[in-house]
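# Understanding the architecture of this molecule
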Amino acid sequence: MNVLVLNAGSSSLKFQVVATDPERIAEDRDERLAGGIVDRIGGEAIISFAARGAAPLHTTAPIRNHRAAVEAVLRWLVGSDSGAPLGSLAEVEAVGHRVVHGGERFTRSVLIDEEVLRGIQDTIELAPLHNPHNLKGIRAAMDVLGPAVPQAAVFDTAFHHTLPDYAYLYAIPYSIYRRHRVRRYGFHGTSYRYVAYRYRKLTGTPREATRLVALHLGNGCSACAIAAGDSVDTSMGFTPLEGLVMGTRSGDLDPAILDYVAAKEGLTLHEMETMLNKQSGLLGISGLTNDMRELLAEAQEHDDRRARLAVDIFAYRARKYIGAYLAAIGGADAVVFTGGIGENAAGVRARILDGLAWMGLELDPQANAEMVGGREGPITRDGARLAAWVIPTDEELLIARDTVRLVLGLDTRY
Ligand code: ADP
């Protein structure tokens, strides 16, 4: 079955076409037929599409809205040249959408109907920066492909629905949770589900025996404690702002700072939140960039003190969370790294894991240095009591697989 996977952001639409079915899933033979992005929707958009056996397309074009972006993608997929990835629109057999927030209602992936649309609409208040755009992507695909093509929603929050109440509740008046649903939701759930599944597959570990501390380190960064295959704690909270140091987000901080700095700097609460989301983290500390690759280069080539400091604070915070989550789940079999930094920055991984040999996590420096650029495998010495792994994430693949399973009426908890 060909699944069109869509990830609609505020001004971008990313897509992949994945050919998959239960047999291919079992044998890891899913095929990626095409992928790409329409960026800067609303103006002169930047289009970048690629497919196996077809010439890649890099161009710009006026793209008014998400619907026009979906149309541009489909037009290219079934284009007239002989190398077009699909023969006709009928070959798009299902669509899987990434949806950031499922609130307390969506605890697993679902086929989209009017009621689901209303449910996603209801959670907009919780994710005003993401869910409206995800909804636009869904409506655009429904409009263009028509009601006969099934569509599924896969939520970033859903994997964390197994958090116990003592992990998801904040220690503020309980009425705030009751009245406004203020609690930890967690994000990156699709990524964590994928790497946990992949770890089980690579090591032959049964789901119920899977105990991991996973770190998704990309532009956004978070940690997740996984016990018996389920998420039992995660560092992002009510919004993606909490937890680890990120590209431009502060992660954890004393909430009293908000009022104090707002008064000192003459900022509104909204401006403070923008500062914590957009001008903090690696960017804020270094004053240079939110990009880890550039920071590492600055630290090395120019011995930039603040670039080094940004990486140090980043690594220290991540190490603290590993310790906290190992305590929370009574030890684990492995620490798993994923996301752009987790998959590629061997030096950052080494820094995060520095000094953990006392608890059995003995890094293999050579394996660590080699585990980059999409490779997957352990980076600790054979027989280490606590292993560390690098497992490149693949959220699109999981979305495609969930979509197929839903269309065929199969369970998506695997
Ligand atoms: P997103 O969260 O937007 O999907 P990614 O998962 O692609 O982002 O992660 C982006 C981060 O990964 C950036 O900070 C980037 O610098 C970092 N990164 C990518 N490749 C490398 C590398 N080779 N070395 C260090 N950092 C890298």
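Here's a quick rundown of the structure. (Residues numbered from 1 in each chain as written. Predicted model: local features only at pLDDT ≥ 70, side-chain atom pairs only at ≥ 80, totals over all residues. Heavy atoms only, no water.)

### Some points on the site of the ligand
The criterion, for reference: Throughout, near means a residue has at least one heavy atom within 4 Å of the molecule or strand. The term polar contact refers here to a pair of N or O atoms within 3.5 Å; inside protein, the definition further demands a hydrogen-donor-capable atom paired with an acceptor-capable atom, and it admits residues adjacent in sequence only when both atoms are side-chain atoms. Each accessible area is a Shrake-Rupley result for a 1.4 Å probe, and residues are judged covered by the shown protein chains and nothing else. The numbering of helices and of strands both runs from the N terminus, where a helix is a DSSP run of H or I of at least 4 residues and a strand a run of E of at least 2. Ten residue types, Ala, Val, Leu, Ile, Met, Phe, Trp, Tyr, Cys and Pro, are classed as nonpolar, four, Asp, Glu, Lys and Arg, as charged, and the remainder, Gly among them, as polar.
Around the ligand, the surrounding shell holds 13 residues, and the nearest of these are N219, D291, M292, R293 and G340. Residue N219 places a main-chain N or O atom 2.9 Å away from an oxygen atom belonging to the ligand. At 3.0 Å, a backbone N or O of R293 approaches an oxygen atom of the ligand. Burial of the ligand by the protein chains amounts to 68% of its free accessible area of 580 Å². Sorting the residues of the shell around the ligand by element identifies α11 (292-301) and α13 (339-344) as the ones contributing at least two each. Sorting elements by how many residues they give to the shell around the ligand places α13 first, with four residues. Grouping the amino acids of the shell around the ligand by side-chain chemistry returns four nonpolar, seven polar and two charged.

### Some remarks on the packing of aromatic side chains
Keep this limit in mind: Any pair of Phe, Tyr and Trp rings, taking the six-membered ring for Trp, is counted once the centres come within 6.5 Å. Such a pair is stacked with planes under 30 degrees apart, edge-to-face with planes over 60 apart, and tilted for the rest. Burial classes follow relative accessibility: with a 1.4 Å probe on protein chains only, a residue under 20% of its type's maximum area counts as buried, one over 50% as exposed, and anything between as partly exposed.
Summed over the entire model, instances satisfying the criterion amount to nine aromatic pairs. Between F49 and W76 the ring centres are 5.2 Å apart and the planes differ by 50°, which places this aromatic pair in the tilted class. Separated by 27 residues along the polypeptide, F49 in strand β4 (residues 44-51) and W76 in helix α2 (residues 66-77) bring together distant segments of the chain. Exposure remark for W76: the relative accessible area of 15% places this residue in the buried category.

### Quick look at the sheet that holds strand β5 (residues 57-62)
What counts here: Strand pairing is assigned whenever DSSP detects at least two bridges linking the two strands. In what follows, residue pairs with any heavy atoms lying within 4.5 Å of each other are defined as contacts. An axis is simply a line fitted to the C-alpha atoms; with a helix, the fit covers only the stretch in contact. Between two such axes, the angle follows the N-to-C directions and lies from 0 to 180 degrees.
Overall, mixed pairing links the eight strands, which are arranged β5-β4-β3-β2-β1-β6-β8-β7 in an open sheet. The open sheet terminates on both sides in strands that have one partner only, identified here as β5 and β7 (110-111). Two strands pair when backbone bridges link them, and strand β6 (residues 94-99) and strand β8 (residues 151-155) are joined in this way by five bridges, in the parallel orientation. Directly across from V95, in β8, lies its bridge partner Q151. Helix-sheet contacts for α2 involve β1 (2-8), β2 (12-19), β3 (31-39), β4 and β5, and the interaxial angle to β2 is about 35°. Strands β1, β2, β3, β6, β7 and β8 of the sheet are contacted by helix α16 (residues 395-407), whose axis makes an angle of about 125° with β6.

### Quick word on the sheet that holds strand β9 (residues 212-217)
Read from one edge of the open sheet, six strands run β11-β10-β9-β12-β14-β13, paired in mixed fashion. Two strands lie at the open edges of the sheet, namely β11 (230-234) and β13 (377-378), each paired on one side alone. In this structure, β13 lies alongside strand β14 (residues 387-390), joined through two bridges in antiparallel fashion. The partner of P378 across the bridge, within β14, is W389. Of the strands in this sheet, β9, β10 (221-227), β11, β12 (334-338) and β14 are in contact with helix α7 (residues 189-203), which crosses β9 at around 130°.

### Some words on the pattern of salt bridges
Note the cut-off: Any carboxyl oxygen of Asp or Glu within 4 Å of a side-chain nitrogen of Lys or Arg constitutes a salt bridge here.
Summed over all chains, the structure comprises 24 salt bridges. Among the salt bridges present, the one from R183 reaches E104, with a minimum N-O distance of 2.9 Å. Of this pair, R183 sits in the loop between α6 (174-180) and α7 while E104 sits in the loop between β6 and β7, placing them 79 residues apart in sequence. For R183, a relative accessible area of 7% translates into the label buried. Measuring nitrogen to oxygen at the nearest pair gives 3.3 Å for the salt bridge that ties D312 to R351. Placement of D312 in helix α12 (residues 305-328) and of R351 in helix α14 (residues 346-353) is noted, with a sequence separation of 39 residues between them. Its relative accessible area of 37% is what places D312 among the partly exposed residues. Several salt bridges share partner residues, and in doing so they unite D28, D30, R198, K201, E376 and R401 into one network.

Function cannot be read off these values alone, since they describe shape.
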